[in-house]
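# Understanding the architecture of this molecule
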Amino acid sequence: MILVLTNLLLLFVVLVSCNGEDKKIYLVLLEGDPVAFHQLKTFSEQGNKLDANREESKAYANELTKSHDEFLQSYLETGSYDKIYSFKHIVNGVAVHTTPSQIQKLKNAPRVKLLEEDRRFKQMTTYTPQFLGIPAVWTQEGGERNAGEGIVIGFIDSGINPEHPSFAYDPTINNSFTDSFSGACEEGPLFPQTSCNGKIVSARYFSAGAQTTTALNDSMDILSPFDAVGHGSHVASTAAGNFGVPVVVNGLYYGRATGMAPRARIAVYKAIYPSIATLSDVLAAIDQAVLDGVDILTLSVGPEEPPEDTLTLLSLFEIFMLAAHKAGALVVQAAGNGGPSPYTVISYSPWAVGVAACDTDRTYPATLILGNGLKIGGVGLSGATVGDQLMIQYNKLVLAKDAIKINTTLPRIANNAEECQYPEAFDPLVVQGSVVICTFSTGFYNGTSTLTAIIQTANLLRFRAFVFVANPTYGDFIAEPIPFAIPAIIIPATNDTQNILQYYERETVRDTNGLVVRYGGRAAISEGRNASYKGRAPIVSRFSSRGPDYIDESKNPTDVLKPDILAPGHQIWAAWSPISVSDPILSGHNFALMSGTSMATPHIAGVAAIIKQYNPSWTPSMIASAISTTASTYDNLGEPIMAHGFDLYSLHTSAPFGFGAGLVNPSRALHPGLVFSAGYEDYISFLCSLPNIDSTMVKTATGGICGQLFENPSDLNLPSITITSLNGSRIVHRTVTNVARKTETYLSAVLPPKGVTVNIEPSWFRIAPHGTQDLHISFNVTQALDDFTFGEIVLTGSLNHVVKMPLSIFPISTT
């Protein structure tokens, strides 16, 4: 028997070797309606949800699964493939693991509409309720104990830490959402059935794509909804974490953390793993979340790059989000962390809200004080070097490379000693009790050195403190506050480094060989954990991806404003997982101060939840419109919003391609006055109107039929107007709906973009509750330019509603 098995194994190895093909995951979209849209009576475009418990729905889902199996068996060789997922709830298709030669057999097979190779995904990685004025919104909703009641927010991310107090059970919760939501609690390692406690109402995990693609690490790629990373917990608590949870890190109280909608419920769909994240797992999570009936779908994750060989708006990821929107779920998506370069957004479609990130006015300043009294600002969430009377205490200042053991011969230690990575490199008598200067060098540049190693070295050798400084060879860098357990500070500017080293050399005595014989320099570090609320805000964060939106790999722009909206995403305190497998420096912490459009996205999801609670009949596009038209384009100084640029610490005036419609204003978004509404058929008409797209492509991808076309794609009823190529003149059409309770008169005003005149007809109108008004907006080029130019339309109501529409126009010709 052993001989036979060995021969079979050898035969298998030979066959695989001869074939020479590695299997990949492919996503196949098939003809036929998914469950959600099989029977129109089951679902309508008025925001009603799919009833997954209906026997008809269950039976049809089983039929689709069976048809998927029969389809693959008909065209692929037995044993040559594995079906990873059957997509059947909002999209009809499969994820299959097979070879490129096998997948060729499906390309022209009947029923195949689209075929796409799986892509890698990544995460786009408090005080903000006060910064955004959320408490005023809570007051309107009956206080923080009611804000978000009855709304379920779904999170597709790295899971959740169910033991965190931000997700603790509240016995006063009224499960009023149960009639329209049906989830499940999938237990597993570190995630018992009791984890779904009434705050967490559903938790699932999707790993077939990840497991098929790579060998997962059991110690960190935990096969349960548990969050071993921290990212998913951070995002969920920012949107819907409990009210007033104390934030304590390294024994210091930083205030209280509260989600935007603290009474909203949380549904978890884990699809991101430390080792890998695949599109197939993300799509399976979207499919399930919509079936379960989430109201808001939060995607603080996105593709690593645009899709290949297909239009951005027709990739399977976008098609799934369109289907989710059609099924009544508002999709909120991170705009990406590719800024400040233009054309870096990864949120492309008008049916998903793309969120940009900004700084707030809260900072954590820290100061290095040299023995000569010179004070140098830096970053570091740590305590001070203090004496018995809480006075600043100076300690010996030592440059790391001067403290190397004389007999150290190991090249790896000698070459990296200045980075403080190896405790065995140092003379402990020199560094103990000293303020040690560690330098950014080659190891940090190529990613082999870490701040975690510096901390370990400092603890082992009992540094009094350490200073991590920029290196003139590599230039300035951006530093984020990190909670250090010992006094420490990061100095990211090379000019400051030079001042420190000049003082150090003046006070240091060396022998003829350059070895130090006396360390005369002294230094101290001030308290760095006290927040300061000064300065300009918001400022578009440097990392936040910029528009314009684009339709293909060549980055040809399209008539959609991206990002859509701006929200706080820089230095956000929120829940964390103490395992923190991807970020060891945060290991053991229950809270983390993180930055990214990942952090901005849940702010909008939470705000959307409150709007949905207040206006339960509103469709996703109405909620998105309310958020957009009420946003602010001015900062706390009353000046236009600024943005960080390419040069570190530089600021310039921002524009809609940086902040979308502006900074979200939750209080005003509850009562927008007018909304711009668009439904599934409108999005199909938009797609059919795009250049270089024909009706067959749209029908193949979406199943939608090109009926009445827009004259131009810019006629999609969005709360903004973007024209990527304005020749001479164009008339753009919009329709507004009055969602207020009283009749109101609106007056139109325009801040025209440079080189363009704008005229609105009618210039004023009176509109009754639930009434609509068509607007005809004419654009005429007066001066051709070589780039986009920006403006704004403002509709001011007699009952104090103010509706703003950003304009992004590229005037290329006067004729």
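Residues numbered from 1 in each chain as written. Predicted model: local features only at pLDDT ≥ 70, side-chain atom pairs only at ≥ 80, totals over all residues. Heavy atoms only, no water.

## Examining the overall build of the chain
Helices and strands together make up the secondary structure of the chain, namely 21 helices and 40 strands. Within the chain, the proportion of its 815 residues that are buried is 60%. Surface accessibility of the chain: about 31700 Å² in total, with carbon and sulfur atoms responsible for 51%. (Helix = DSSP H or I, 4+ residues; strand = E, 2+ residues; numbered from the N terminus. Buried < 20%, exposed > 50% of the residue type's maximum accessible area, 1.4 Å probe, protein only. Areas by Shrake-Rupley, 256 points an atom, 1.4 Å probe, with all protein chains shown as cover.)

## Regarding the pattern of salt bridges
Counting across every chain of the model gives 16 salt bridges. Among the ionic pairs, arginine 263 bridges to glutamate 149, the shortest N-O distance being 2.7 Å. With a gap of 114 residues between them, arginine 263 in the loop between strand E9 (252-257) and strand E10 (265-270) and glutamate 149 in the loop between helix H6 (134-140) and strand E6 (152-157) connect regions that are remote in the sequence. Given a relative accessible area of 13%, glutamate 149 falls into the buried group. Between glutamate 149 and arginine 265 there is a salt bridge, with its nearest N and O atoms 2.9 Å apart. Here glutamate 149, found in the loop between H6 and E6, pairs with arginine 265, found in strand E10; they are 116 residues apart in sequence, far enough to count as distant. (Salt bridge = Lys/Arg side-chain N within 4 Å of Asp/Glu carboxyl O.)

## Concerning the sheet that holds strand E33 (residues 721-727)
Strand order in the open sheet made by the five strands is E33-E40-E39-E35-E37, with mixed pairing throughout. A single partner strand is all that each edge strand has here, and the edge strands are E33 and strand E37 (764-767). Ignoring which end each strand starts from, the neighbouring axes of this sheet average 25 degrees apart. Sheet topology places strand E35 (residues 744-751) next to strand E39 (residues 789-797); six bridges connect them, and they run antiparallel. Counterpart to leucine 747 in the pairing with E39 is threonine 796. (Pairing = 2+ DSSP bridges. Axes fitted to C-alpha atoms, helices over the stretch in contact; angles between N-to-C directions.)

## A short note on empty space enclosed by the protein
In this model, the largest cavity occupies a volume close to 280 Å³. Lining the largest cavity are 26 residues, with Pro350, Asp564, Ala624, Leu718 and Pro719 positioned closest to its centre. Of all the secondary structure elements, the ones that give two or more residues to the lining of the largest cavity are strand E14 (352-359) and helix H17 (620-629). The leading source of residues in the lining of the largest cavity is H17, at six residues. For the lining of the largest cavity, the class distribution of residues is 19 nonpolar, six polar and one charged. (1 Å grid on protein atoms, 1.4 Å probe; cavity = no way out; pocket = protein on both sides within 12 Å on 5 of 7 lines; lining within 4 Å. Points joined across faces, edges and corners; volume = space filled by probe spheres on them. Nonpolar A, V, L, I, M, F, W, Y, C, P; charged D, E, K, R; others polar.)

## Topic: the pairing of E10
Across the six residues of E10, six count as buried, placing the element largely inside the fold. Residues Arg265, Ala267 and Tyr269 line one face of E10 and the alternating positions Ile266, Val268 and Lys270 line the opposite face, and both faces are buried. Here E6 pairs with E10 via six bridges, running parallel. If you follow phenylalanine 155 over to E10, its bridge partner there is valine 268. Bridge count for strand E7 (residues 200-205) against E10 is five bridges, and the pairing is parallel.

## Focus on the sheet that holds strand E34 (residues 729-738)
Strand order in the open sheet formed by four strands is E32-E34-E38-E36, and the pairing between neighbours is antiparallel. The open sheet is flanked by strand E32 (674-675) and strand E36 (756-761), the only strands paired with a single partner. Note that E36 and strand E38 (residues 772-781) share six bridges and pair antiparallel. Bridge assignment links valine 758 to a residue of E38, and that residue is phenylalanine 779.

## Some remarks on helix H15 (residues 494-507)
Taking 1.5 Å as the rise per residue, H15 with 14 residues should run 20 Å; its terminal C-alpha atoms sit 20 Å apart, in good agreement. Of the positions making up H15, those classed as buried are Thr494, Thr497, Ile500, Tyr503 and Tyr504. (Expected span 1.5 Å × (residues − 1).)

## Side note on the packing of aromatic side chains
Taken as a whole and judged by the stated rule, the model has 20 aromatic pairs. Measuring from centroid to centroid gives 5.3 Å for phenylalanine 71 and tyrosine 75, while their planes differ by 50 degrees, and the two rings are tilted. Note that phenylalanine 71 and tyrosine 75 are positioned in helix H3 (residues 55-75) at a spacing of four residues, about one turn of the helix. Taking the relative accessible area as the measure of exposure, tyrosine 75 reaches 31% and is therefore partly exposed. When the centroid spacing of 5.7 Å and the interplanar angle of 75 degrees are considered together, the rings of tryptophan 351 and tyrosine 683 count as edge-to-face. You can see tryptophan 351 sitting in the loop between strand E13 (330-334) and E14 and its partner tyrosine 683 sitting in helix H20 (residues 680-689), a full 332 residues away along the chain. Every member of this aromatic cluster is reached through a ring pair, and the members are Phe440, Phe444, Tyr445, Phe468, Tyr474 and Phe477. We note lysine 326 situated over the ring of phenylalanine 37; from NZ or CZ to the ring centre the distance is 4.1 Å. (Phe/Tyr/Trp six-rings, centres within 6.5 Å; stacked < 30°, edge-to-face > 60°. Lys NZ or Arg CZ within 6 Å of the ring centre and 35° of its normal.)

## A look at the side chain of serine 580
Turning to its location among the elements, serine 580 is positioned in the loop between strand E28 (572-575) and strand E29 (591-594). With relative accessibility at 1%, the residue serine 580 sits in the buried group. Non-local contacts of serine 580, meaning those with residues more than four positions away in its chain, are made with Ala228, Val229, Leu586 and Ser587. (Contact = heavy atoms within 4.5 Å.)

## Description of the pairing of E29
Because side chains alternate across E29, one face comprises the buried residues Phe591 and Leu593, and the other comprises Ala592 and Met594, equally buried. Pairing geometry for E28 and E29, over four bridges, is antiparallel. Across the sheet, residue alanine 574 finds its bridge partner in E29, namely alanine 592.

## Digging into the packing of helix H9 (residues 279-292) against helix H10 (residues 316-326)
Running from N to C, H9 and H10 point in directions that differ by 5 degrees, and their axes come no closer than 10 Å. For the element pair H9 / H10, the angle class is roughly parallel. In contact with Leu279, Val282, Leu283, Ile286, Asp287 and Val290 of H9, H10 contributes Leu316, Phe317, Phe320 and Ala324. The class makeup of the residues in the contact of H9 with H10 is nine nonpolar, no polar and one charged. (Parallel < 35°, antiparallel > 145°, perpendicular 65-115°, else oblique.)

## Considerations on the state of the cysteines
A full pass over the atoms with the stated rule returns three disulfides. Residue pairing for cysteine 185: its cysteine sulfur links by disulfide to cysteine 196, the two sulfurs lying 2.3 Å apart. Measuring the twist about the S-S bond at about 90 degrees, one finds the cysteine 185-cysteine 196 disulfide to be right-handed. Taken together, the positions of cysteine 185 in the loop between E6 and E7 and cysteine 196 in the loop between E6 and E7 put the pair 11 residues apart, joining distant regions of the chain. By relative accessible area, which is 16% here, cysteine 185 ends up buried. The disulfide bridge from cysteine 688 ends at cysteine 706, spanning 1.7 Å between sulfur atoms. Taking the sign of the torsion about the S-S bond as the criterion, the disulfide between cysteine 688 and cysteine 706, at about -80 degrees, is left-handed. Of this pair, cysteine 688 sits in helix H20 while cysteine 706 sits in the loop between helix H21 (695-702) and E33; the two residues are 18 residues apart in sequence, bridging distant segments of the chain. Numbered in order of appearance, the disulfide-bonded cysteines of the chain are paired 1-2, 3-4, 5-6. (Disulfide = S-S within 2.5 Å.)

## Some thoughts on the confidence of the model for the chain
Overall, the prediction assigns the chain a mean pLDDT of 88, with 90% of residues at 70 or greater. Mean pLDDT across the secondary structure elements of the chain bottoms out at helix H1 (residues 2-19), with 37, and peaks at E32, with 98. Across residues 40-47 the pLDDT falls below 50, and counting only partners more than four positions away or on other chains, this stretch makes 20 contacts in the model. (pLDDT = per-residue confidence, 0-100.)

## Side note on H3
If you check H3, its first and last C-alpha atoms are 31 Å apart, about what 21 residues at 1.5 Å a residue would give, namely 30 Å. Residues Ser57, Tyr60, Ala61, Leu64, Ser67, His68, Phe71 and Leu72 constitute the buried set of H3. Along the axis of H3, the buried positions cluster into a sector of 130 degrees, meaning they face one direction only. In H3, those exposed residues whose orientation departs by more than 90 degrees from the buried face are Glu55, Asn62, Glu63, Lys66, Gln73 and Ser74. (Arc of directions from axis to C-beta.)

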